[in-house]
Amino acid sequence: MIISGVGVIVGLLVFAPAQSSSTAVAPHVRVEYRGLSSSQAQAIADTLSAAWTVYRDEFGFDMPGTVHVDAAIDRQASSRLYTDGNDRVYLTLPDASKLNRPEVSGVYHVYGLCHELGHVAMYRVLKKRDWMTTAAAEGWAHFAGSAVVDRVYALKGEKLWCDPYDYRKDGTARLDAQLASGDADDVTRGAELWRDAESVVGMKGFPALFAAWNTARVDLADPAPDLSASGARAFPGNAAGFEAWWTNAARLFVERRPASDVAARTADPASLTGRPLTVAGDDGKADGKKSIAGGGHARRFTAPGGGSWYLRNVLLFGSRYGSPQAPDETFEVSLCDEQMRPIATWEKPYSTFDRGDARWVKIEVTPTAVPPAFHVCFNFRPTGTRGVYVSFDASTRGNSQTAVPGKPGSPLDAGDWMIRVELDQPRSADALGGR
Ligand SMILES: [Zn+2]
């Protein structure tokens, strides 16, 4: 069974031109498909449409007006189903027969589609979730997806799927069996914890919980207390019940991101020379661009020798994609130490970046002292329809990662991100200043 996969796209967001696609529609769902039969595409549309209704009406989630699905048969591809966490679902299969019922194909499509829409329901509300473990994120989609399968069956029956079968066995019944088996994995245990939460906050309590967490100030070095307090405030009638649940759940749901032991030492801009030094490792020419969900763009720098250097500006060569009007959302730029642990983080508006051709965008930060080796990391939390393409330069490599602050990343093999820094020194250290 492959379809319980990743909740967000990891890697390049690909916008494949939909060559000779056909379209299937259902309320709130539009499926562009290639290589599938019309009845298979319609089954996908109808399943997501029914699941959409359950997420909105029974959980109370704010669901996208239209869920856009790209479904394709690609003989070279393995079976993959994933979402951008906002309003896109992508399905690739090596063969159209993979859309047959699970006992024939080994693929749990009805469950998989309900699961992916569970990610969408959560992520549209809870955008700031750097503290969340895979067990929590996938456990949520497993819990919600399983529950929604049961309700979709109640609405639509077994004829919903193009190869009809009783998919109730892929819903809560399967989750129960996994839990009863005695060797439940972390995702299944996560699903159980979310089910426990339902008995505390109610099915319709989840959107309020996720909204409260999204606006909470969370110390990523120790997120559990902040998440406990903000969650409890969302349920004043049962704060004690919530806290009891969270104490248990946090052990599996929260990932600590150790802060750097380098202190954030700031300086008054007026105390600096005002003639910053640009540290650039790129040749100024972009060789490609990427937007990365579930990861940030980090580049390593070394400070020049001699005295204290303060990060003054960060420059990034890139451009925004998505709607003409920038979304009313923020991204983060962080100064991290050599181990990628955050020293300081600044929140900036998405409108900092324009659409169109990539260009250098300069972002001013509070002057903060850098250690001899450090990283600058951008975290845009992109979706398929909103994000920033960050250009990379292939003339060097080895200094860049796909990483978020506090979490080890993976190297960027294609080159180095086009990120530069401007560093300034205290006036008192300026030998040319006439001392
Ligand atoms: Zn998932």
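The residue numbering used here restarts from 1 in each chain and proceeds along that chain's sequence as written. Restriction of local features to residues with pLDDT of at least 70 applies here, the model being predicted, together with a cutoff of 80 or more for giving and counting side-chain atom pairs; totals for whole chains, interfaces and linings are based on all residues.

Enquirer: Let's hear about the overall build of the protein chain: which residues, and what values?
Expert: By the criteria applied, helices consist of DSSP H or I runs no shorter than four residues and strands consist of E runs no shorter than two, each listed in order from the N terminus. Each helix and strand in the protein chain was counted, giving 9 helices and 18 strands. Radius of gyration here uses only the C-alpha atoms, and the compact-globule reference equals 2.2 Å multiplied by the residue count raised to the power 0.38. Here the C-alpha radius of gyration of the protein chain, 24 Å, is about what a compact globule of 435 residues would show, namely 22 Å. Viewed in the frame of its principal axes, the protein chain has a C-alpha envelope of about 85 × 55 × 40 Å. When burial is assessed residue by residue, the protein chain has 45% of its 435 residues classed as buried. Considering only residue pairs separated by 6 or more positions, the protein chain has 74% of its internal contacts joining residues 24 or more positions apart. Whether a residue is buried, exposed or partly exposed follows from its count of other C-beta atoms within 10 Å of its own C-beta, namely 20 or more, 12 or fewer, or something in between, respectively; the C-beta atoms are built from the backbone. C-beta atoms are first placed from the backbone for all residues, and any pair lying within 7 Å is then listed as a contact.

Enquirer: Report on the sheet that holds strand β11 (residues 342-349), specifying residues and quantitative values.
Expert: What the 6 strands build is an open sheet, ordered β11-β10-β13-β8-β15-β16; its pairing is antiparallel. The open sheet has two free edges, formed respectively by β11 and β16 (407-411), since each of these has just one partner strand. Geometrically, the sheet is characterised by an average inter-axis angle of 30° between neighbouring strands, direction not taken into account. Pairing of strand β8 (residues 297-302) with strand β13 (residues 373-379) involves 6 bridges; the strand directions are antiparallel. Across the sheet, F301 pairs through a bridge with F374, a residue of β13. At least two bridges found by DSSP between two strands is the condition for calling them paired. Axis lines are fitted to C-alpha atoms, over the contacting stretch for helices. Their N-to-C directions set the angle, which ranges from 0 to 180 degrees.

Enquirer: Tell me what's going on with the sheet that holds strand β3 (residues 67-73), and back it up with residues and numbers.
Expert: Taken together, the 5 strands give an open sheet; going across it, the order is β1-β2-β3-β5-β4, and neighbouring strands pair in mixed fashion. Pairing within the sheet leaves two strands with one partner each, and these edge strands are β1 (22-26) and β4 (80-83). Recorded for the sheet is a direction-independent mean angle of 15° between the axes of neighbouring strands. Where β1 lies against strand β2 (residues 29-34), 5 bridges are found, and the strand directions are antiparallel. Looking at the pairing, A26 lines up with V29 of β2. On the sheet, helix α1 (residues 38-57) packs against β1, β2, β3 and β5 (88-93) and is oriented at approximately 30° with respect to β1. Across the sheet, helix α3 (residues 109-125) lies against β4 and β5, angled at about 25° from β4, the strand it touches most.

Enquirer: Report on the domain arrangement of the protein chain, specifying residues and quantitative values.
Expert: As used throughout, domain bounds are those supplied by an automatic or database domain assignment. With domains assigned, the protein chain is organised as domain 1 (22-253) and domain 2 (269-433). A separation of 34 Å is found between the C-alpha centroids of domain 1 and domain 2. Contacts between domain 1 and domain 2 engage 8 residues on the former and 7 residues on the latter. Tallied by class, the residues present in the side of domain 1 that touches domain 2 amount to 1 nonpolar, 2 polar and 5 charged. Here the nonpolar group is Ala, Val, Leu, Ile, Met, Phe, Trp, Tyr, Cys and Pro; Asp, Glu, Lys and Arg are the charged ones; every other residue, Gly included, is treated as polar.

Enquirer: Please provide a residue-by-residue account of the nonpolar core, values included.
Expert: Think of a nonpolar core as buried Ala, Val, Leu, Ile, Met, Phe, Trp, Tyr and Cys residues chained together by C-beta atoms that fall within 7 Å. Ranked by size, the top nonpolar core spans 76 residues in total, and within it L48, A51 and Y55 carry the most contacts. At 11 residues, helix α4 (residues 134-156) tops the list of elements feeding residues into this core. Discounting residues that sit within four places of it in the chain, A51 has contacts with L113, C114, L117, V148 and V152.

Enquirer: Tell me about helix α7 (residues 206-215), residues and numbers included.
Expert: Helical geometry note: an α-helix holds 3.6 residues per turn, so side chains three or four residues apart project in the same direction. By the burial criterion, the buried members of α7 are F206, P207, L209, F210 and W213. Angular distribution of buried residues about the axis of α7 spans 160°; they occupy a single face of the element. Elements that come into contact with the buried residues of α7 comprise α3, α6 (186-201) and α8 (223-234). Throughout, the arc means the angular range of directions from the helix axis out to the C-beta atoms.

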